[in-house]
Amino acid sequence: MAIKDLPFEEYYIPGSAACPGCPATMAMRIVFKALGKNMMMVVPACCTAVIESLHPNTSFNIPTMNIAFEAAAAGASGVEAALRKQGKTDTTVVAWAGDGGTYDIGIQALSGALERQTNFIYICYNNQIYSNTGIQRSGATPYAAWTTTTVGGKHEFRKEMGEIVLAHHIPYAAQACISYPEDLFNKVKKAKGIKGPKYIEILAPCPPGWRFAMEKTVEMGTLAVETGAWALYEFENEKMTFNGRSKLILEKKIDRKPVEEWIRYQGRFRHLFAPVKDEKSIKEIEDHIDRIWDRYRSCYL
Ligand SMILES: Cc1ncc(C[n+]2csc(CCOP(=O)(O)OP(=O)(O)O)c2C)c(N)n1
Ligand code: SF4
């Protein structure tokens with residue numbers, strides 16, 4: 001699917017309350033195009049709950065239910081059951097949550113829905129922070145990143161949510177990134193055609209949260225993939241496939257770029273470069289990425 005061939009219809013419409021350069025809006029635009037009008041969104045507390053509407057307006061042209069922070073997957077399970085009871089089985093139910101609502105407070109509801117084989121798509125847009133409440137750390141925040149609750153840099157590495165989801169052995173799971181819209185479109189379209197639980201996580205570089213200029217959102221996503229800090233993959237019927245540049249990195253056909261090329265442009269890592277360069281912490285980040293790719297290779301090559 002080339003970008004010029006994406007459906008013309010827009011269900012993400014003007015009037016949004018997002019920041020300029022917001023990655024969540026880019027992701028939603030593509031997701032809505034892939035799923036079409038016959039869908040329902042279930043959105044917990046997160047930036048999207050603000051983006052979608054400043055009363056009395058809305059930027060969504062599709063039905064949406066807002067729900068408590070921890071309950072996206074539980075709410076979507078209820079919506080799916082209600083639609084099924086009404087015989088409306090062709091409506092795609094989407095739970096759409098941030099990384100805080102997925103990795104942390106919503107993980108129990110998500111795990112339950114995956115285990116119950118709920119027929120829905122769970123999408124996590126991962127901006128690696130709780131951005132809506134002012135940039136707190138989440139389980140997805142990378143090591144050494146500044147947030148308002150990790151002022152000297154986070155001490156822990158991010159948790160591998162993708163691998164936690166894979167342990168549920170659902171029919172389809174994928175990682176995508178806003179910088180690769182065709183890849184994202186194809187993954188969402190494929191998920192729509194599969195029955196049972198589907199999980200898609202989209203890396204979403206957030207300008208105010210990561211501290212970079214708003215016109216750099218796409219570049220920050222591209223660099224995350226090129227440095228191997230984020231991987232593009234699909235897990236379908238127990239088979240793992242890496243996509244695009246991530247496939248080449250996995251197969252060692254190209255070297256991933258040094259992680260410095262990604263983090264040096266983000267103010268949240270500024271303390272690693274000034275007043276003196278913190279070579280030790282940068283190497284720790286680099287080594288951690290290497291360990292993740294070694295694990296991918298030993299499991300999936
Ligand atoms: C139980 C509960 N605790 C805290 C909050 C406050 N709250 C609203 S949105 C949010 C952060 C959401 O973070 P995330 O899921 O990562 O989405 P983002 O804001 O980054 O889009 C928090 C802490 C809440 N609404 N409910
Ligand atoms: S804080 Fe980040 S995710 Fe939230 S609306 Fe602004 S750019 Fe989008």
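Everything discussed here concerns the structure shown above.
Description of the structure in this document. Predicted model, so just to flag it, every value in this text is computed and none were measured.

**Re the overall build of the chain**
Inference 1: Helix and strand counts for the chain come out as twelve helices and eight strands.
Inference 2: Along the first, second and third principal axes, the C-alpha atoms of the chain reach 60 × 45 × 40 Å.
Inference 3: Counting across all 301 residues of the chain, residues that qualify as buried make up 55%.
Inference 4: Across the chain, the fraction of contacts at a sequence separation of at least 24, relative to all contacts at a separation of at least 6, is 70%.
Inference 5: Of the roughly 13,000 Å² of accessible surface on the chain, a fraction of 56% belongs to carbon and sulfur atoms.
Inference 6: Computed over 36 positive and 33 negative side-chain charges, the separation of the two mean positions in the chain equals 3 Å.

**Some thoughts on the state of the cysteines**
Inference 1: Per the counting criterion, the structure on display carries zero disulfides.
Inference 2: For the unlinked cysteine Cys46, the closest cysteine sulfur is that of Cys47, found at 6.9 Å.

**Some remarks on the packing of aromatic side chains**
Remark: the centre distance and the inter-plane angle together describe each pair of aromatic rings, the angle taken between the planes.
Inference 1: Counted according to the given criterion, the structure contains 17 aromatic pairs.
Inference 2: For the ring pair Trp262 and Phe269, a centre distance of 6.5 Å and an interplane angle of 50 degrees mean the geometry is tilted.
Inference 3: Three or more aromatic residues joined by ring pairs form one cluster here, namely Tyr233, Phe242, Trp293, Tyr296 and Tyr300.
Inference 4: Positioned over the ring face of Trp210 is Arg268, at 3.9 Å from the centre of the ring.

**Describing the side chain of Lys187**
Inference 1: As for its position among the elements, Lys187 is in helix 7 (residues 181-192).
Inference 2: The exposure class of Lys187 is buried, given its relative accessible area of 1%.
Inference 3: At 2.8 Å, the side chain of Lys187 forms a polar contact with the side chain of Asn243.

**Overview of the site of ligand 2**
Inference 1: In the vicinity of ligand 2, the contacting residues are Cys19, Cys22, Pro23, Cys47, Ile51, Asn127, Ser131, Cys206, Pro207 and Pro208.
Inference 2: Considered class by class, the residues forming the shell around ligand 2 number eight nonpolar, two polar and no charged.

**Side note on the nonpolar core**
Inference 1: The biggest cluster of nonpolar side chains holds 61 residues, and the ones touching the most others in it are Phe120, Tyr122, Tyr199, Trp262 and Ile285.
Inference 2: Discounting residues that sit within four places of it in the chain, Ile285 has contacts with Tyr143, Ala144, Val259, Ile263, Phe269 and Leu272.
Inference 3: Membership of the second largest hydrophobic core comes to 36 residues, among which are Met39, Ile121, Tyr125 and Ala174.

**Re the site of ligand 1**
Inference 1: With respect to spatial proximity, 17 residues lie near ligand 1, and among them Gly100, Gly101, Tyr125, Ser131 and Asn132 are the closest.
Inference 2: Within the contact set of ligand 1, an oxygen atom lies 2.9 Å away from a backbone nitrogen or oxygen of Cys47.
Inference 3: For ligand 1, an oxygen atom lies 2.9 Å from a polar atom in the backbone of Ile129.
Inference 4: A breakdown of the residues in the shell around ligand 1 according to their chemical character gives eight nonpolar, seven polar and two charged.

**Focus: the environment of Ile107**
Inference 1: Inspection of the secondary structure assignment puts Ile107 in helix 5 (residues 107-115).
Inference 2: Through-space distance from the C-alpha of Ile107 to that of Glu70 is 7.8 Å; in sequence the pair is 37 residues apart.
Inference 3: Once residues lying within four places of it in the same chain are set aside, the contact partners of Ile107 are Thr102, Lys159, Met161 and Ile164.

**Some thoughts on the sheet that holds strand 4 (residues 121-126)**
Inference 1: Ordered in space as 2-1-3-4-6-5-7-8, the eight strands form an open sheet in which the pairing is mixed. Among the strands making up the open sheet, the edge pair consists of strand 2 (64-66) and strand 8 (239-242). For this sheet, the mean inter-axis angle between neighbouring strands, taken without regard to orientation, is 15 degrees.
Inference 2: As judged from the five bridges shared by strand 3 (residues 92-98) and strand 4, these two strands associate in the parallel manner. Bridged to Ala95 within strand 4 is Tyr122.
Inference 3: Its contacts with the sheet put helix 3 (residues 72-85) on strand 1 (39-43), strand 2, strand 3 and strand 4, and the angle it makes with strand 3 is roughly 170 degrees.

**Quick look at the pairing of strand 8**
Inference 1: Burial along strand 8 is one-sided: the face carrying Met240 and Phe242 is buried and the face carrying Lys239 and Thr241 is not.
Inference 2: Examined bridge by bridge, strand 7 (residues 233-236) and strand 8 share four bridges and lie antiparallel to one another. Residue pairing in the sheet places Glu234 in a bridge with Thr241 of strand 8.
Inference 3: The turn joining strand 7 and strand 8, which pair antiparallel and follow one another in sequence, is formed by two residues; a positive phi near 50 degrees is taken by Asn237.

Parameters and conventions
Residues numbered from 1 in each chain as written. Chains lettered and ligands numbered in written order. Predicted model: local features only at pLDDT ≥ 70, side-chain atom pairs only at ≥ 80, totals over all residues. Heavy atoms only, no water. Helix = DSSP H or I, 4+ residues; strand = E, 2+ residues; numbered from the N terminus. Buried < 20%, exposed > 50% of the residue type's maximum accessible area, 1.4 Å probe, protein only. Contact = heavy atoms within 4.5 Å. Areas by Shrake-Rupley, 256 points an atom, 1.4 Å probe, with all protein chains shown as cover. Lys, Arg positive; Asp, Glu negative; His and termini not counted. Charge placed at Lys NZ, Arg CZ, Asp CG, Glu CD. Disulfide = S-S within 2.5 Å. Phe/Tyr/Trp six-rings, centres within 6.5 Å; stacked < 30°, edge-to-face > 60°. Lys NZ or Arg CZ within 6 Å of the ring centre and 35° of its normal. Polar contact = N/O pair within 3.5 Å; in protein donor to acceptor, adjacent residues only side chain to side chain. Near = heavy atom within 4 Å. Nonpolar A, V, L, I, M, F, W, Y, C, P; charged D, E, K, R; others polar. Core = buried A, V, L, I, M, F, W, Y, C linked by side-chain atoms within 4.5 Å. Pairing = 2+ DSSP bridges. Axes fitted to C-alpha atoms, helices over the stretch in contact; angles between N-to-C directions.

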